[in-house]
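# Residue-level structure breakdown
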Amino acid sequence: MAFNHLPAGVHDAFAPLSVTPVTHSVPMAKNHRSDRPSPQALLRSIAAGRDRASRITHTEHLPPRAGRHAVWPHRIRAEVIAAVEGYGIGHPWAHQALAAEHALDGDSVVVATGTASGKSLAYLVPVLSALLDGSEAPNGRGATALYLAPTKALAADQLRSVKELSQPLGTSVRPAVYDGDTPVEEREWVRQYGNYVLTNPDMLHRGILPSHARWSSFLKSLKYVVVDECHTYRGVFGSHVAQVLRRLRRLCARYGSSPVFLLASATAAEPAVAASRLTGLPVVEVADDASPRGELVFALWEPPLTELHGEKGAPVRRTAIAETADLLTDLAVQGARSVAFVRSRRGAELISVIAQERLAEVDRSLARRVAAYRGGYLPEERRALEQALHSGELLGLAATTALELGVDVSGLDAVLIAGYPGTRASLWQQAGRAGRGGEGALAVLVARDDPLDTYLVHHPEALFDQPVESTVLDPDNPYVLAPQLCAAAAELPLTEDDFELFGPSVEELLPQLEAARLLRRRTRAWHWTRRERAADLADIRGEGGTPVQIVEAGTGRLLGTVDAGSAHTSVHEGAVHLHQGRTYLVRALDLDDSTALVEEANPPYSTVARDTTSIAVLSTDTVVPWGDGRLHYGSVEVTNQVVSFLRRRVLTGEVLGETKLDLPPRKLRTRSVWWTVTEDQLDCANIPPEILGGALHAAEHASIGMLPLFATCDRWDIGGVSIPLHPDTLLPTVFVYDGHPGGAGFSERAFHTAAPWLRSTLEAITTCPCDTGCPSCIQSPKCGNGNEPLHKRGAIRLLGELLRGVG
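In this report, we go over the structure that sits alongside the text.

Cut-offs and rules
- The written sequence of each chain sets the order in which its residues are numbered from 1.
- The model is predicted, so local features are restricted to residues of pLDDT at least 70 and side-chain atom pairs to those at 80 or more, both for listing and for counting; the totals for chains, interfaces and linings are taken over all residues.
- To get the side-chain values, all heavy atoms of the structure are used, and hydrogens and water are removed first.
- When a residue's accessible area, from a 1.4 Å probe over protein chains only, is under 20% of the maximum for its type it is buried; when over 50% it is exposed; and in between it is partly exposed.
- Helix numbers and strand numbers start at the N terminus; a helix is a DSSP run of H or I with at least 4 residues, a strand a run of E with at least 2.
- For two strands to be treated as a pair, DSSP must find no fewer than two bridges joining them.
- Contact criterion: two residues are considered in contact whenever any of their non-hydrogen atoms come within 4.5 Å of each other.
- For salt bridges, the criterion is a side-chain nitrogen of Lys or Arg within 4 Å of an Asp or Glu carboxyl oxygen.
- Orientation is described by lines fitted to C-alpha atoms, with helices fitted over the stretch in contact, and by angles between N-to-C directions that extend from 0 to 180 degrees.
- Remark: nonpolar core denotes a set of buried residues (Ala, Val, Leu, Ile, Met, Phe, Trp, Tyr, Cys) joined through side-chain atoms within 4.5 Å.
- Aromatic pairs are defined between Phe, Tyr and Trp rings, using the six-membered ring for Trp, whenever the two ring centres lie within 6.5 Å; interplanar angles under 30 degrees are classed as stacked, those over 60 as edge-to-face, and all others as tilted.
- The criterion is that NZ of a Lys, or CZ of an Arg, lies within 6 Å of the ring centre and within 35 degrees of the ring normal, and then a charge sits over that ring.
- Any helix carries an expected span of 1.5 Å times its number of residues minus one.
- Think of a polar contact as two N or O atoms within 3.5 Å of one another; within protein, one of them needs to be a possible hydrogen donor and the other a possible acceptor, and neighboring residues in sequence only count if both atoms come from side chains.

## Some details on the pairing of strand β15 (residues 396–399)
Of the two faces of β15, the one carrying G396 and A398 and the one carrying L397 and A399 are both buried. Examined bridge by bridge, strand β13 (residues 338–342) and β15 share 4 bridges and lie parallel to one another. Of the residues in β15, the one forming a bridge with S338 is G396.

Encoded structure:
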């Protein structure tokens, strides 16, 4: 029997809520408030009463830092410097001036400094100066620039900033957003007249590059390409974006331009290396942050144990969702402007709903000043929420990472982070949303009941004394490169001159694409010969197909979308779906039509999908002996099928029943790390056959939970399978695999850091105070087997014996 742990979303129930409201009037929030509370005062206020203070396991004080000024390079246009000064910025920070100098010299550059350090101005000043120079060209359209953001929200936010900054420059600077929300009638104007086009990699891939002939004037004059928040381009998504940027460079060369790339990143390890891998170009690094920083008080918060018992009678902590909703409520009652970041869309909705209910008990007008913000909303809904947060109309927002990426929200007092976001880079990115403008701020990480979060709140040095992670991406992944080569061939026939640009795997892949009749060689070039669009072959976000539309059955109204990879687990027939505070039941899922029909309802339960998984070894690249045990890395095929779903009572998590489902299996060819142990090792560890399955399963769960500390991923990017006798290895085996076709680099990173990774896993299980296993150590919220069987002591002995063989 195999026990599996899949990269698919499921949702927590939450424990009963209780809030002691503070009743006083709440002033309308403004961007600059003289009554802004200090971060220490905010922390004292949310820790007051009951046992709140005991939930704080650690408080880190980051002192304020003074800024270091410089002067803009003399080659920047005087009009641009005057516009910046009119914006209230007298002198640049040293890193801004240095980045602008590199841009003017024609060097591609990555600015990798902290949140709110002025990265936008570092690239905007040379871009605006180039656009002004181009406006005076005697012939042609003049210089152009392209801005890429990972989210529509960030592009819209940047458009506001660019318009405000460039207003004194007149019509010489014509910024415009070109994305899926841009009305058709505006798109032609953007192509013909826009000289600073803001878009995202998806639109570049599907819209601009395939229609490059219509963009020829823009591409011919392309001077700069800005890649914002470039640290988010990791895994499969980052690998696709790397190839999309190579396609852009190829077309620019066709039209006679060679743009300089200006990249902005949160603080990251080896940013120049990652930026070079992303663009395929040499990149200069500017990482010495010269901006000032206000004091940051960063608290680690562990929710208390409840009187409830979960699976196998395990003690249950109050969920991070419920705890964060309480904290957001308390902050809003005090008039503090806050954002609560949460991993899942459903979590954002739940935090918003709970906070609204609690605030209504204090003052009904307050309930309207808290909302949810997540992907899947319609464009007009997103824009309205962004504007309300900017204006101060909203006091609190429960947001997914759709709002994490650089949206400039001034004047926030606090950030709540419901669960470790997967990487230290993302943690600091989210924490940095508060206290912008050099003011002090409070950040609180609220731990989920899982191995990694529990480990981190009791090992603060793992957060505050360690550097941020390196960005992991693999542009040579054949599942990425093959469809990208087809897209490139459809734009311009491929020749041998393109091999160096797209990487060393091209020569090997082209015959396979010919054999599949996707490309045809004619003389010295490979051509795309099919009628369909080649760009549609590549799903650059790795979401596995056409998004499923969520449609209200009675009205036909489109509520939103969910990515195809999550549809089986989140919008199967009978699933509970939340949207803007309303609860719906899924009546039907049509996979052929990519549509889920829902009806509004109010069930007293949530739903959790259950599934089965098998895994086959396709090839083994590397084997490392660990005593008698072995650590492997290679290719695998994973077969998964959602077979049923559980209905859980919302307040207690009690299982009310299980309903069978008839959904087709899905296959995934990917990369995996796996380890095996021998019968002799099992004897030494005193693990009899009757507990072997539970020991392996528990070790698998805990290791997946701890991997984000060592690889740039989160637990939803990876999956696992454990089996007492695997047919390919003929030994007890634990697999941890990338949840994306072809792999995303996470399991490879796990292979190279296996010893510290598994030692931390062993420590997390050993130090957990529970008797037989709980969500803080070996239980998983996304286990397809309902956390059965698990054996905590067996996992400790098993990992100890395995690691005894590590040199």
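Next comes the rest of the account.
## A word on the side chain of R55
Relative to the helices and strands, R55 resides in the loop between α1 (39–47) and β2 (56–62). Classification of R55 by relative accessible area gives buried; the value is 9%. The contact partners of R55, leaving out residues within four places of it in the chain, are L300, W301, E302, P304 and E323.

## Regarding the pattern of salt bridges
With the rule as written, the count across this model stands at 33 salt bridges. For D157, the salt bridge identified is with R160, shortest N-O distance 3.2 Å. With D157 and R160 both in helix α5 (residues 152–166), this residue pair falls 3 residues apart, about one helical turn. Note that R533 is salt-bridged to D536, the shortest N-O span being 3.6 Å. Relative accessible area serves as the criterion here: at 39%, R533 is assigned to the partly exposed category. Through salt bridges with shared partners, a single ionic network connects D51, R55, R318, E323 and D326.

## Quick word on the sheet that holds strand β14 (residues 370–373)
Here 7 strands make up an open sheet; going across it, the order is β2-β10-β17-β16-β13-β15-β14 and the pairing mixed. Strands at the two margins of the open sheet, each flanked by one partner only, are β2 and β14. Put simply, the sheet's adjacent strands are angled 15 degrees from each other on average, direction ignored. Inspection of the sheet shows β13 paired to strand β16 (residues 414–418) by 5 bridges, in the parallel sense. Within β16, the residue paired with V339 across the bridge is V415. Each of β2, β10 (296–301), β13, β16 and β17 (441–446) touches helix α15 (residues 424–431); the most contacted strand, β16, lies at about 145 degrees to it.

## Section: the sheet that holds strand β23 (residues 582–590)
With respect to topology, 5 strands assemble into an open sheet ordered β21-β20-β24-β23-β22, the strand pairing being mixed. The sheet is open, and its two borders are formed by β21 (558–562) and β22 (576–579), each paired with just one other strand. Direction aside, neighbouring strands of the sheet carry axes that sit 35 degrees apart on average. Examined bridge by bridge, β23 and strand β24 (residues 595–600) share 6 bridges and lie antiparallel to one another. When the sheet's bridge partners are listed, A588 is paired in β24 with L597. Sitting on the sheet, helix α12 (residues 345–362) is in contact with β21 and β22, with an inclination near 65 degrees to β22.

## Considering the nonpolar core
Ranked by size, the top nonpolar core spans 85 residues in total, and within it F298, W626, W675, L707 and W757 carry the most contacts. Counting residues per element, this core draws most heavily on helix α23 (residues 689–706), at 9 residues. Every residue in contact with W757, bar those within four places of it in the chain, is listed here: V673, S703, M706, L707, F710, V736 and A750. Within the second largest apolar cluster, 40 residues are counted, among which are A103, L132, A155 and Y224.

## Regarding the environment of L350
Assignment of secondary structure puts L350 in helix α12. In the structure, L350 is positioned 369 residues away from G719 in sequence and 26 Å away in space, judged by C-alpha atoms.

## Quick notes on the packing of aromatic side chains
Remark: the centre distance and the inter-plane angle together describe each pair of aromatic rings, the angle taken between the planes. Summed over the entire model, instances satisfying the criterion amount to 12 aromatic pairs. An angle of 55 degrees between the planes, with centres 6.5 Å apart, marks the rings of Y147 and Y196 as tilted. Note that Y147 is positioned in strand β4 (residues 144–148) and Y196 in strand β6 (residues 196–199), a separation of 49 residues in sequence. Judged on exposure class, the residue Y147 and its partner Y196 are both buried. Where Y233 meets F237, the ring centres are 5.4 Å apart and the plane angle is 65 degrees; that geometry is what we call edge-to-face. Taking the relative accessible area as the measure of exposure, Y233 reaches 1% and is therefore buried. A relative accessible area of 11% means that F237 is categorised as buried. Looking at R187, its charged tip hangs above the ring of Y178, at a distance of 5.5 Å from the centre. When the ring centre of Y255 is taken as origin, the NZ or CZ atom of R254, which lies over that ring, is 5.5 Å away.

## What to know about α5
The α-helix advances 3.6 residues per turn, and as a result positions three or four apart in sequence lie on the same side. For α5, spanning 15 residues, the distance from its first C-alpha to its last is 21 Å, which sits close to the expected 21 Å at 1.5 Å a residue. Listed in full, the buried residues belonging to α5 are A153, L154, A155, A156, D157, Q158, L159, V162, L165 and S166. Where α5 starts, the residue carrying a side-chain oxygen 3.2 Å from the main-chain nitrogen of L154 turns out to be T151.

## Considerations on unusual backbone geometry
Cis geometry marks the peptide bond from E788 to P789, where omega comes out at -15 degrees. Along the chain, P789 turns up in the loop between α25 (754–767) and α26 (792–804). With a phi close to 60 degrees, R517 is a non-glycine residue in the positive phi region. At T523, a residue that is not glycine, the phi angle is positive and equals roughly 50 degrees. With respect to the helices and strands, the residue T523 is situated in the loop between β18 (519–522) and β19 (525–528). Relative accessible area serves as the criterion here: at 75%, T523 is assigned to the exposed category.

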